[in-house]
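# Descriptive analysis of the structure
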Amino acid sequence: MKIKVGVFFGGKSVEHEVSVISALQAIASIPADKYEVIPVYITKENEFYTSFECSCIEEYSNIPALIKKSTRCILMNVDGRVKLMCYPFKKTGSSVISEIDVAFPIVHGTNVEDGTLQGYLKLTGVPYVGCDVTASAVGMDKYVMKTVLKDNGIPVLDCIRFIASDFSDPEGMIKKCEEKIGYPVVVKPVNLGSSVGISLASDKNELFDSLENAFRYATVVLVEKAITELTEINCSVLGNSENAEASELEQPISFGKILDYTAKYQKGALTGEEAAELKKGIDDIINNPMDIKNELAGDVSINVSEDGRIVRKGESVLKYDYDTPLQKFDAVKLSRIKTARPAKAAAGMASLSRLIPPNMTDETRAYIRSLAVKAYTVLGCNGLSRIDFMIDRATNKVYLNEINTIPGSLSFYLWAPLGVKYSVVLDAMIELALRRTREEDAIEFSFDSDILRNFASKGAKGSKGGKLGSSGKLGGAKQGGKF
């Protein structure tokens, strides 16, 4: 009998659409011989709907029409089995749509990825894939994450934390940033992913605008020193806190000073200016001091594939498409970079221009991969996460930037260069969830006691001497008094 997997995606998040893309990619790749997939779309009002159509990307061009074709549903634990029930319940007949053996949340951003959905799934008693409530919450809050990592010897950039009420005195905020950090700075919401709300500020006016923009998306904002000679490196990690493995590394290629939401998910055809910027970025990479250029003979050829990805391994140019294996193809000179590409509706994070693997020494690669695994285990992660690093080329120092506990496209493209198929990654994630449930089932979370019976029979005398009488008022306070 196949294991029934409920894939939950969408939700009340600014990363709603990215979640849909990531989830539908995964649904298409979950091994059909082992699992039966039940898609559960979460609307921006946090209502659950399910139907076959929910697994079809073209249906999301008209979400109201999709909702009409789908059944609203909720999860319920009935006699120890978690069932997906239609809601409102049917007046006659069964309201059960399907049992759910394991839930697979593929959601991004606040209100879903931050432990909210994980807590709901935990409460219903269904095993679920990925990080638990604590790891999800810590991973989403960049300030808490930095604190935990720093305490465990993992290098992070120092930052200043502001809350929304601080913005009543923007001059004071700006002065604090100028005195403690200095320009340029990066301003970011504390709990958003996909680079939403992140911006660079080089002077007082820009800092004000950046703070104002960040507070549009969050009530807590971080300001940290911007690395001017920056190389961004990402690494995925698969496993649990006891045994985890790092993927290949990638170097995202940004069309601007920082990699923002548009660069990650919405790049269509390149303009001439963008193509020139891309060429310059590639030139910078080739001339990077960390480059292994001594091992490269003659001209370095780099190709931009039709879907916009830059992939190079040593002297071989590789093309990787998310539904086909790696394959060699003829390299073209840098001057012949294609300046247009079709936008793929379901490419998601996989459509980002990138170098896989980056140009760096074996020692640097090994260090970053080991640091990724250490951070993953320190934060108590499970399933799969992507950890993003920053390299300051001026000092050759590596800093951990953030962790994405449910990364866009589940970072499947970082495992293919190691020969690991996406279906294998997904299968491993589900198995890890079931294993965690078995281990938790062996732990006692409650035990029988006589506390409530004694509480009722002895006049409800509290542990600290307070007494709850028949009036329902606490004995330690006078009627109408304050605690």
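Rules used in this analysis
- Residues numbered from 1 in each chain as written.
- Predicted model: local features only at pLDDT ≥ 70, side-chain atom pairs only at ≥ 80, totals over all residues.
- Heavy atoms only, no water.
- Helix = DSSP H or I, 4+ residues; strand = E, 2+ residues; numbered from the N terminus.
- Contact = heavy atoms within 4.5 Å.
- Areas by Shrake-Rupley, 256 points an atom, 1.4 Å probe, with all protein chains shown as cover.
- Phe/Tyr/Trp six-rings, centres within 6.5 Å; stacked < 30°, edge-to-face > 60°.
- Buried < 20%, exposed > 50% of the residue type's maximum accessible area, 1.4 Å probe, protein only.
- Lys NZ or Arg CZ within 6 Å of the ring centre and 35° of its normal.
- pLDDT = per-residue confidence, 0-100.
- Arc of directions from axis to C-beta.
- Axes fitted to C-alpha atoms, helices over the stretch in contact; angles between N-to-C directions.
- Left-handed = near helix turned anticlockwise from the far one by under 90°.
- Nonpolar A, V, L, I, M, F, W, Y, C, P; charged D, E, K, R; others polar.
- Pairing = 2+ DSSP bridges.

### So, the overall build of the protein chain
The secondary structure content of the protein chain amounts to 12 helices and 19 strands. Restricting to contacts in the protein chain with at least 6 residues of sequence separation, those with at least 24 account for 67%. A total accessible area of about 23400 Å² is found for the protein chain, and carbon and sulfur atoms account for 51% of it.

### Focus: the packing of aromatic side chains
By the definition in use, this model includes 10 aromatic pairs. Ring geometry for Tyr-87 and Phe-89: centres 6.2 Å apart, planes at 85 degrees, overall edge-to-face. Tyr-87 sits in the partly exposed class, given a relative accessible area of 38%. Here Phe-89 falls in the partly exposed class, since its relative accessible area comes to 41%. Ring centres of Phe-412 and Tyr-422 lie 4.7 Å apart, and the angle between their planes is 35 degrees; on these two criteria the pair is classed as tilted. Residue Phe-412 is found in the loop between strand E19 (397-404) and helix H11 (422-441), and its partner Tyr-422 is found in helix H11; the two are separated by 10 residues along the sequence. Tyr-422 matches Phe-412 in its accessibility class, with the two residues each being buried. In this structure an aromatic cluster arises from ring pairing among Phe-8, Phe-48 and Tyr-120. The residue whose ring lies beneath Arg-161 is Tyr-143, and the NZ or CZ to ring-centre distance is 5.5 Å.

### Here we look at the confidence of the model for the protein chain
Predicted coordinates in areas of low pLDDT are best not read in detail. Overall, the predicted model of the protein chain reaches an average pLDDT of 81, with 74% of residues at or above 70. Low pLDDT, under 50, characterises residues 259-271; the predicted model gives this stretch 44 contacts beyond four residues in sequence or across chains. Overall, residues 474-483 carries pLDDT values under 50, and its contacts beyond four positions in sequence, including any with other chains, amount to six contacts.

### So, the side chain of Ser-247
Within the secondary structure layout, Ser-247 lies in strand E13 (residues 244-252). Setting aside chain neighbours within four positions, we find Ser-247 in contact with Cys-235, Ser-236, Arg-369, Leu-414, Trp-415 and Leu-418.

### Side note on helix H6 (residues 170-180)
All of the buried residues along H6 are Pro-170, Met-173, Ile-174 and Cys-177. When H6 is viewed along its axis, its buried side chains cluster within an angular range of 95 degrees and face the same direction. Exposed residues lying more than 90 degrees from the buried face of H6 are Glu-179 and Lys-180. On the buried face of H6, the contacting elements are strand E8 (159-163), helix H7 (204-214) and strand E11 (220-225). One or two positions beyond H6, positive phi appears at Gly-182, with a value near 85 degrees.

### Considerations on the packing of H6 against H7
Relative orientation of the contacting elements H6 and H7 amounts to 115 degrees, with a least axis distance of 10 Å. Crossing of H6 against H7: the hand is right-handed. Residue-level contacts link Pro-170, Glu-171, Met-173, Ile-174, Cys-177 and Glu-178 of H6 to Lys-204, Leu-207, Phe-208 and Leu-211 of H7. Residues belonging to the contact of H6 with H7 are distributed by class as follows: seven nonpolar, no polar and three charged.

### Quick notes on the sheet that holds strand E10 (residues 199-201)
Strands pair in a sheet through their backbones, by hydrogen bonds, and they do so in one of two ways: parallel or antiparallel. Spatial ordering of the open sheet is given by E8-E11-E9-E10, a layout of four strands whose pairing is antiparallel. This sheet does not close on itself; its edge strands, each paired only once, are E8 and E10. Averaged over neighbouring strand pairs, the angle between their axes works out to 25 degrees when direction is ignored. Where H6 meets the sheet, it contacts E8 and E11, and its direction lies at approximately 170 degrees from that of E8. Most of the contacts of H7 go to strand E9 (residues 185-189), to which it runs at about 15 degrees, and overall it touches E9, E10 and E11.

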